[in-house]
Amino acid sequence: NWVLACVVIFSSYFFYHGIRLLVPLLLMSFLPFWKNKAIVRVSLLFLVLTVLFVALPVGRGRFSQVVFYKNPNIIKKINELPFADKSDLHSARIFHNKPVVYSRELVANYLQYFSADFLFLRGGYPERYLVGEVGHIYIVFVPLLVMGLVTAVKKGKNYWLPFVWLLIVPTAAVLTYEDIPSATRTSFMAIAIV
């Protein structure tokens, strides 16, 4: 029931900011697996809604406070790099500029969500959600995850959707700088893992 699904998905836009980015990405992840005109239309609808929410000041309130490029450590690093680099001006501009610093930060943040520390050993932030010596997945589930990967490789493309979701879910969390890796911003990873 696409109408009911759209109503429920739209209502989720008002509960958590990260959902606004995740919904179009997750819906578009269906496209390679199920070529359906309804999925294309719904994906485009929610992509437009996400753009509208981002364009409106009221829609980007919290995000504008925690967006990664406002991280005081990154700002400090960008300000210090021209003075810390003893090489010539041209190489400093190539290797120590905002796009390079931002890209490195985004990649480092993204990879933290797939680290053994986050998934199996310690978990994520905020600290009130930490359970001692346990990550988001029990370490005894590693063989089951490996078996799932082997099954997906053997069965074909429709079995890859959970892995695609697993790769997509951290994108909203990566764009922030507070509580990295964040347990709350990546709670939808549980669906793909299960």
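As a convention, each chain's residues are numbered from 1 in the sequence order in which they are written. Local features are withheld for residues below a pLDDT of 70 in this predicted model, meaning they are given only at 70 or higher, and side-chain atom pairs are given and counted only at 80 or more; totals for whole chains, interfaces and linings count all residues. Processing note: side-chain calculations cover all non-hydrogen atoms of the structure and skip hydrogens and water entirely.

Looking at unusual backbone geometry
Where we set the bar: Helix and strand definitions follow DSSP, with helices as H or I runs of at least four residues and strands as E runs of at least two, each counted in order from the N terminus.
Look at the link from Tyr-125 to Pro-126: it is a cis peptide, with omega at 0 degrees. As for its placement among the helices and strands, Pro-126 is situated in the loop between α8 (116-121) and α9 (142-155). For the bond from Ile-180 to Pro-181, the omega torsion is -5 degrees, close enough to zero to count as cis. With respect to the helices and strands, the residue Pro-181 is situated in the loop between α11 (170-174) and α12 (189-193).

Side note on helix α3 (residues 37-55)
Our working definition: One fewer than the residue count of a helix, multiplied by 1.5 Å, yields its expected span. The contact criterion used is simple: two residues touch if any of their non-hydrogen atoms lie within 4.5 Å.
With 19 residues, α3 extends 27 Å between its outermost C-alpha atoms, agreeing within 8% with the 27 Å of an ideal straight helix rising 1.5 Å per residue. Packed against the buried residues of α3 are α1 (2-12) and α2 (19-30).

Some thoughts on the packing of α1 against α3
Selection rule: Axes, fitted as lines to C-alpha atoms, cover a helix only where it is in contact. Angles between the N-to-C directions of the axes lie from 0 to 180 degrees. The cut-offs work like this: below 35 degrees is roughly parallel, past 145 is roughly antiparallel, 65 to 115 is roughly perpendicular, and the gaps in between are oblique. Crossings are sorted by hand: turned counterclockwise from the far helix by less than a right angle, the near helix makes the crossing left-handed, and turned clockwise it makes it right-handed. Residue type decides the class: Asp, Glu, Lys and Arg count as charged, Ala, Val, Leu, Ile, Met, Phe, Trp, Tyr, Cys and Pro as nonpolar, and the leftover types, Gly among them, as polar.
For the pair α1 and α3, interaxial distance at closest approach is 12 Å and the crossing angle is 20 degrees. With respect to α3, the element α1 is oriented roughly parallel. As for how α1 packs across α3, the hand of that crossing is right-handed. Contact residues: Trp-2, Cys-6, Ile-9 and Phe-10 in α1; Ala-38, Ile-39, Val-42, Leu-45, Phe-46, Leu-49 and Phe-53 in α3. Among the residues making up the contact of α1 with α3, the classes are represented as eleven nonpolar, no polar and no charged.

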